[in-house]
Amino acid sequence: MIPSITLGRTGITVPQNGFGALPIQRVDTDTAVRLLRRAYDGGIRFFDTAHAYTDSERKLGEAFEGMRENVVIATKTQAKSGDALREELQASLEALRTDYIDIYQLHCAPQCFRPGDGTGLYEALCEAKEKGLVRHIGITAHKIGVAEEIVASGLYETLQFPFSYLASERDIALVKATAEAGMGFIAMKGLSGGLLTNSTACMAFMLQYPALPIWGVQRETELAEWLSFFEKDASMTDELREFI
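Computed from a predicted structure; not experimentally measured. Just so you know, the residues in each chain are numbered from 1, in the order the chain's sequence is written. The predicted origin of the model limits local features to residues at a pLDDT of at least 70 and limits the giving and counting of side-chain atom pairs to 80 or more, whereas totals for whole chains, interfaces and linings rest on all residues. Computation of side-chain values: all heavy atoms of the structure, hydrogens and water removed.

Draft legend 1. A look at the overall build of the protein chain. Secondary structure elements are defined from DSSP: runs of H or I of at least 4 residues count as helices, runs of E of at least 2 residues count as strands, and each element is numbered from the N terminus. Looking only at helices and strands, one finds nine helices and ten strands in the protein chain. Since a compact globule built from 244 residues should have a radius of gyration of about 18 Å, the 17 Å found for the protein chain is in line with a globular shape. Structurally, the protein chain occupies a C-alpha span of about 55 × 40 × 30 Å along its principal axes. The contact rule is simple, with two residues in contact once any of their heavy atoms fall within 4.5 Å. Considering only contacts within the protein chain whose residues lie at least 6 apart along the sequence, 73% involve residues at least 24 apart. With an accessible surface of roughly 10300 Å², the protein chain has 49% of that area assigned to carbon and sulfur atoms. Here the positive residues are Lys and Arg and the negative ones are Asp and Glu; neither His nor the chain ends is included. Lysine's charge is taken at NZ, arginine's at CZ, aspartate's at CG and glutamate's at CD. Each charge sign in the protein chain was given a centre, from 24 positive and 33 negative side chains, and these centres are 1 Å apart. We take the radius of gyration over the C-alpha atoms and set the globule estimate at 2.2 Å times the residue count to the 0.38 power. In short, Shrake-Rupley with a 1.4 Å probe defines the accessible areas, and a residue's cover is counted only from the protein chains shown.

Take a look at the structure:
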């Protein structure tokens with residue numbers, strides 16, 4: 001059985017087993033919708049996408065129309081200004097067929113965007129939250145130094161960062177610091193870009209930390225592997241324990 005995890009001060013609590021929706025842009029709509037609904041039926045409640053993932057948002061919108069309140073949706077913007085963020089946010093809302101986004105993230109941030117930095121991005125995020133268009137604000141980064149600065153800033157409610165069992169001690173310290181700061185940690189690239197292939201080892205690693213993995217899925221067989229962990233014994237099977 002997969003335990004639940006709470007994403008810091010957002011209060012969002014979901015199973016520690018999320019769906020990364022980047023790969024569904026590579027399959028047709030019927031296939032994507034089938035995968036998304038099967039993921040939901042199997043127990044997954046957290047779905048991560050991005051405006052930059054071509055039609056991924058639109059596929060999520062079709063899959064979850066009429067049941068929006070039952071899932072947590074996170075998406076992202078690569079906007080460079082406040083005005084561009086507002087435009088992308090509206091496009092995401094329309095594609096997702098919703099009037100709110102649970103977590104809206106600055107995508108692949110090259111720096112910790114702050115109020116008054118001249119970009120207007122942080123101010124636009126706060127404005128969207130005040131209007132109820134966004135429930136929580138987050139940020140994603142790929143550079144450890146930037147990620148550490150984000151955590152230290154206290155400005156964001158969630159951080160998304162690459163994390164797998166190839167993680168360095170510095171990466172692990174980042175996850176722990178995020179939790180201490182009251183932030184939710186969303187783990188991308190849990191298979192290290194396809195370098196790792198043992199789903200059991202990858203899941204066992206994640207369950208040791210306050211991290212919500214989002215596994216990229218585009219095939220039924222891939223999804224079946226991640227859903228199988230919902231059926232494991234609550235104390236984890238011997239198979240899982242051997243990897244910890």
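Next comes the rest of the description.
Draft legend 2. Structural detail: the sheet that holds strand β10 (residues 212–216). Any two strands between which DSSP finds at least two bridges are classified as paired. Strand order around the closed barrel formed by eight strands is β3-β4-β5-β6-β7-β8-β9-β10, with parallel pairing between neighbours. Neighbour to neighbour, the strand axes of the sheet diverge by 25° on average, direction disregarded. Along the sheet face, helix α5 (residues 144–153) touches β7 (134–140) and β8 (158–162) and points at about 165° away from the line of β8. Throughout, an axis means a line fitted to C-alpha atoms (over the contacting stretch in the case of helices), and angles, computed between N-to-C directions, take values from 0 to 180 degrees.

Draft legend 3. The environment of Val 14, seen in detail. With respect to the helices, strands and loops of the structure, Val 14 is situated in strand β2 (residues 13–15). Along the backbone, Val 14 and Leu 212 are 198 residues apart, and their C-alpha atoms lie at a distance of 8.7 Å. Those residues in contact with Val 14, other than ones at most four positions away along the chain, are Pro 3, Ser 4, Ile 5, Arg 45, Phe 46, Val 72 and Leu 212.

Draft legend 4. The nonpolar core, seen in detail. As used in this record, nonpolar core signifies buried Ala, Val, Leu, Ile, Met, Phe, Trp, Tyr and Cys residues forming a set joined through side-chain atoms within 4.5 Å. Burial classes: relative accessible area under 20% of the type maximum marks a residue as buried, over 50% as exposed, and values in between as partly exposed (1.4 Å probe, protein chains only). Grouped together as the largest cluster of nonpolar side chains are 70 residues, with contacts concentrated most on Phe 19, Phe 47, Tyr 156, Leu 159 and Phe 163. The element contributing the most residues to this core is helix α1 (residues 29–42), with six residues. Beyond its immediate stretch of four places on either side in the chain, Leu 159 contacts Ile 139, Ala 147, Ile 150, Val 151, Leu 174, Thr 178, Met 183, Gly 184, Phe 185 and Ile 186. Counting residues in hydrophobic clusters, the runner-up holds twelve residues, among them Leu 7, Phe 46, Ala 74 and Met 188.

Draft legend 5. A nonpolar patch on the surface, seen in detail. Nonpolar side chains (Val, Leu, Ile, Met, Phe, Trp, Tyr) are joined into patches within 5 Å and like charges within 9 Å, using only residues with over 30% relative accessible area and no salt bridge. For salt bridges, the criterion is a side-chain nitrogen of Lys or Arg within 4 Å of an Asp or Glu carboxyl oxygen. A contiguous nonpolar patch, built from Tyr 165, Leu 166 and Leu 195 and spanning about 310 Å² of accessible area, is present on the exposed surface. Along the polypeptide, Leu 166 turns up in the loop between β8 and α6 (169–180).

Draft legend 6. Just the packing of α5 against α6, in detail. Where α5 meets α6, the closest approach of the two axes is 10 Å, and the angle between their N-to-C directions is 20°. On the basis of their axis angle, the class for α5 and α6 is roughly parallel. Crossing geometry of α5 relative to α6 is assigned as left-handed. Here Ile 144, Gly 145, Ala 147, Glu 148 and Val 151 of α5 come into contact with α6, specifically with Arg 170, Asp 171, Leu 174, Ala 177 and Thr 178. Asp, Glu, Lys and Arg are counted as charged, while Ala, Val, Leu, Ile, Met, Phe, Trp, Tyr, Cys and Pro are counted as nonpolar; the rest, among them Gly, fall into the polar class. In the contact of α5 with α6, the residues fall into five nonpolar, two polar and three charged. Between 65 and 115 degrees an angle is taken as roughly perpendicular, under 35 as roughly parallel, over 145 as roughly antiparallel, and anywhere else as oblique. It is the rotation of the near helix from the far one that decides the hand of a crossing: anticlockwise by less than a right angle makes it left-handed, clockwise makes it right-handed.

Draft legend 7. Quick look at the side chain of Asp 171. As for its position among the elements, Asp 171 is in helix α6. Within the structure, Asp 171 has its side chain in polar contact with the backbone nitrogen of Ser 168 (distance 3.0 Å). Not counting residues up to four positions away in its chain, the partners in contact with Asp 171 are Ile 144, Phe 161 and Phe 163. Under this definition, polar contacts are N or O atom pairs within 3.5 Å; protein pairs additionally need one hydrogen-donor-capable and one acceptor-capable atom, and for neighbouring residues in sequence, both atoms have to be side-chain atoms.

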